[in-house]
Amino acid sequence: QVQLVESGGGLVQAGGSLRLSCAASGSIAVFNVMGWYRQAPGKQRGLVATVTSGGRTNYAGSVEGRFTISRANAKNTVYLQMSSLKPEDTAVYYCAADTGPIVRPGRAYWGQGTQVTVSS
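Attention here is on the structure that accompanies the text.

## Observations concerning the side chain of Asp 98
Argument step 1. Along the chain, Asp 98 falls in strand S9 (residues 91–98).
Argument step 2. A relative accessible area of 1% places Asp 98 in the buried class.
Argument step 3. At 2.8 Å, the side chain of Asp 98 forms a polar contact with the backbone nitrogen of Gly 100.
Argument step 4. Within the local environment of Asp 98, its side chain forms a polar contact with the side chain of Arg 104, the two groups lying 2.7 Å apart.
Argument step 5. For Asp 98, the residues in contact, after removing those within four places along its chain, are Phe 31, Asn 32, Val 33, Val 103, Arg 104, Arg 107 and Ala 108.

Here it is, written out as structure tokens:
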């Protein structure tokens, strides 16, 4: 019954910026961890960034320093500010939420995904 809806994806030139948003509905308590994963064509889904309700963040090395994750706990909303985008950032970006300390792929809630395309 819980639903996560992403928005903000699109087409952007290399070096540009984009901001993704994800809003969760259908639950009263906040999720302990929310984050973003991405999947490029022909590749496995991988971590982009996560943030806990306490503000602890975790970034993939490939995006650290360029992307910033943040959240509004009471609203179960998470954001991803992406800057200095590169063509290799092109992927479908998925929002994830989990009641545990980390995102557990088989147990977390997932959004439908939003396409981010970075042109060179």
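## A look at the sheet that holds strand S3 (residues 18–25)
Each strand in a sheet pairs with its neighbour through backbone hydrogen bonds, running either in the same direction (parallel) or in the opposite one (antiparallel).
Argument step 1. Strand order across the open sheet formed by 4 strands is S1-S3-S8-S7, with antiparallel pairing between neighbours. Every other strand in the sheet has two partners, leaving strand S1 (3–7) and strand S7 (67–72) as the edge strands with one partner each. Averaged over all pairs of adjacent strands, the angle between their axes in this sheet comes to 15°, without regard to strand direction.
Argument step 2. Both S1 and S3 contribute to a ladder of 5 bridges, which runs antiparallel. Its bridge partner being in S3, Ser 7 is matched across the sheet by Ser 21.

## Observations concerning the environment of Ala 40
Argument step 1. In this structure, Ala 40 sits in the loop between strand S4 (33–39) and strand S5 (46–52).
Argument step 2. Through-space distance from the C-alpha of Ala 40 to that of Ser 62 is 14 Å; in sequence the pair is 22 residues apart.

## Some words on the pairing of strand S11 (residues 114–119)
Argument step 1. Across the two faces of S11 the burial differs, with Thr 114, Val 116 and Val 118 buried and Gln 115, Thr 117 and Ser 119 not buried at all.
Argument step 2. Pairing between strand S2 (residues 10–13) and S11: 4 bridges, direction parallel. Counterpart to Leu 11 in the pairing with S11 is Thr 117.
Argument step 3. As judged from the 3 bridges shared by S9 and S11, these two strands associate in the antiparallel manner.

## What about unusual backbone geometry?
Argument step 1. At Ser 84, a residue that is not glycine, the phi angle is positive and equals roughly 50°.
Argument step 2. Locating Ser 84 in the fold gives a position in the loop between strand S8 (77–82) and S9.

## Side note on the state of the cysteines
Argument step 1. A complete count under the given rule lists 1 disulfide for this structure.
Argument step 2. Put simply, Cys 22 and Cys 95 are joined by a disulfide, and their sulfur atoms are 2.0 Å apart. Handedness here is read from the sign of the S-S torsion; for Cys 22 and Cys 95, about -85°, the answer is left-handed. Taken together, the residues span a long stretch of sequence, with Cys 22 in strand S3 and Cys 95 in strand S9 at a distance of 73 residues.
Argument step 3. Among the residues examined, Cys 95 registers a relative accessible area of 0% and is labelled buried.

Definitions and limits used
Residues numbered from 1 in each chain as written. Predicted model: local features only at pLDDT ≥ 70, side-chain atom pairs only at ≥ 80, totals over all residues. Heavy atoms only, no water. Helix = DSSP H or I, 4+ residues; strand = E, 2+ residues; numbered from the N terminus. Buried < 20%, exposed > 50% of the residue type's maximum accessible area, 1.4 Å probe, protein only. Polar contact = N/O pair within 3.5 Å; in protein donor to acceptor, adjacent residues only side chain to side chain. Contact = heavy atoms within 4.5 Å. Pairing = 2+ DSSP bridges. Axes fitted to C-alpha atoms, helices over the stretch in contact; angles between N-to-C directions. Disulfide = S-S within 2.5 Å.

The values are spatial; any link to function lies outside them.
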